[in-house]
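Here's the letter readout for the chains.
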Amino acid sequence: MAEEKTVLIVEDEKNIVDILRFNLQREHYSTCEAYDGEDGLNKARSEKPDLILLDVMLPKMNGFDVCRALRQEGDNVPIIILTAREEEEDKVKGLETGADDYITKPFSMRELIARVGANIRRTAMAAPAATAAADSAMPVAGDLSINTDSHQVFRAGRAIDLTQREYELLTFLASHPNKVYSRVD
Ligand code: CA
């Protein structure tokens, strides 16, 4: 049997967490939970889930900020935003902050389970190539590495998105490790 996938549920309404946990576990996912944005961010870092269900309106830190913070750290975990209302603005903002998908409350559990599966499968299909590219990448500094064949940069084994210009700058700096450059304004 395939390895059990972990879904992190970040949601402050306990009854919704309970329903999500029950249904995900019935579909053979393991789950972990956070009831505010800060804890959600910490658990995303420590538990390395296969997918995150992320509510928008959360105590301490909202869902958009959690999503943005993870993407800035180079974390490509699939994220499905749970929006409270059918508001176009929320959906657009969610996708702009780097979420993969969104679902509107109240949601059908069948639809949610289907979206979870689809988003995990999509990532899993991309993963073997990424792992191979990460394995043959050259270490640069700290946990950063570069694969000059695939033109990809990895942090702690996960691909991070850079613009072409950022990639060129990084490879240039990496090939001149002992020089100090001053910024030209
Ligand atoms: Ca909420």
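Not measured: the values here are computed from a predicted model.

Participant: What is the right way to read the coordination of the calcium ion from this model?
Facilitator: Ideal geometry at a metal centre: 109.5 degrees between donors when four sit tetrahedrally, and 90 or 180 degrees when six sit octahedrally. At this site the calcium ion is bound by Asp12 (OD), Asp55 (OD) and Met57 (O), with donor distances of 2.2 to 2.3 Å. Along the chain, the residues donating to the calcium ion fall in the pattern D-x42-D-x1-M. Here Asp12, found in the loop between strand E1 (6-10) and helix H1 (14-26), pairs with Asp55, found in strand E3 (residues 51-55); they are 43 residues apart in sequence, far enough to count as distant. Asp55 gets classed as buried once you look at its relative accessible area, which sits at 3%.

Participant: Explain the pairing of strand E8 (residues 152-155) here, please?
Facilitator: Remember that side chains alternate between the two faces of the sheet whenever the strand is regular. The pairing of strand E7 (residues 144-147) with E8 spans four bridges and is classified as antiparallel. If you follow Ser145 over to E8, its bridge partner there is Phe154. Counting the residues that bridge the hairpin from E7 to E8 gives four residues, and of these His151 lies at a positive phi of roughly 55 degrees. The sheet contact formed by E8 and strand E9 (residues 158-160) spans three bridges and is antiparallel.

Participant: I would appreciate a short explanation of the nonpolar core in the present structure.
Facilitator: What tends to happen in soluble globular proteins is that the nonpolar side chains get buried as a cluster. In this structure, Val10, Ile52, Leu54, Leu70 and Ile79 are the most contacted members of the largest nonpolar core, which totals 20 residues. Within the residue set of this core, elements represented by two or more residues are E1, strand E2 (30-34), helix H2 (37-47), E3, helix H3 (63-72) and strand E4 (79-83). In terms of residues, this core owes the most to one element, H3, which gives five residues. Setting aside residues no more than four positions away along its own chain, Ile52 makes contact with Leu8, Val10, Ala44, Leu70, Val77, Pro78, Ile79 and Ile80. Core analysis: the second largest hydrophobic core is formed by 18 residues, Ile16, Leu53, Leu112 and Ile113 among them.

Participant: Looking at this model, I keep getting lost on helix H4 (residues 88-96). Mind explaining?
Facilitator: Counting along an α-helix, one turn takes 3.6 residues, and residues three or four places apart therefore face a common direction. Within H4, the full set of buried residues consists of Asp90, Lys91 and Gly94. The arc enclosing the buried residues of H4, seen along the axis, measures out at 100 degrees, which places them on a common side. Exposed residues lying more than 90 degrees from the buried face of H4 are Glu88, Glu89 and Glu96. Close packing links the buried residues of H4 with H3, E4 and strand E5 (101-104).

Participant: Would you explain the domain arrangement of the protein chain in this entry?
Facilitator: Interfaces are frequently sized by the accessible area removed from exposure as the parts join. What the domain assignment lists for the protein chain is domain 1 (6-128) and domain 2 (136-175). Relative placement of domain 1 and domain 2: their C-alpha centres are 28 Å apart. Counting from both sides, the interface comprises eight residues of domain 1 and, opposite them, five residues of domain 2. Taken over both partners, the interface formed by domain 1 and domain 2 buries close to 440 Å², and the fraction arising from carbon and sulfur atoms is 30%. Among the residues domain 1 hides against domain 2, the three largest losses belong to Glu73, Gly74 and Asn76. Together they make up 66% of the total. Applying the counting rule to domain 1 against domain 2 returns zero salt bridges. At the boundary of domain 1 with domain 2, the tally comes to one residue pair in polar contact (both at pLDDT 80 or more). Its residues placed into classes, the side of domain 1 that touches domain 2 shows two nonpolar, three polar and three charged.

How each quantity is defined
Residues numbered from 1 in each chain as written. Predicted model: local features only at pLDDT ≥ 70, side-chain atom pairs only at ≥ 80, totals over all residues. Heavy atoms only, no water. Donors = N, O, S within 2.8 Å, 3.2 Å for Na, K, Ca; no water. Helix = DSSP H or I, 4+ residues; strand = E, 2+ residues; numbered from the N terminus. Buried < 20%, exposed > 50% of the residue type's maximum accessible area, 1.4 Å probe, protein only. Pairing = 2+ DSSP bridges. Core = buried A, V, L, I, M, F, W, Y, C linked by side-chain atoms within 4.5 Å. Contact = heavy atoms within 4.5 Å. Arc of directions from axis to C-beta. Domains from an automatic or database assignment. Buried area = accessible area lost by both parts, 1.4 Å probe. Salt bridge = Lys/Arg side-chain N within 4 Å of Asp/Glu carboxyl O. Polar contact = N/O pair within 3.5 Å; in protein donor to acceptor, adjacent residues only side chain to side chain. Nonpolar A, V, L, I, M, F, W, Y, C, P; charged D, E, K, R; others polar.

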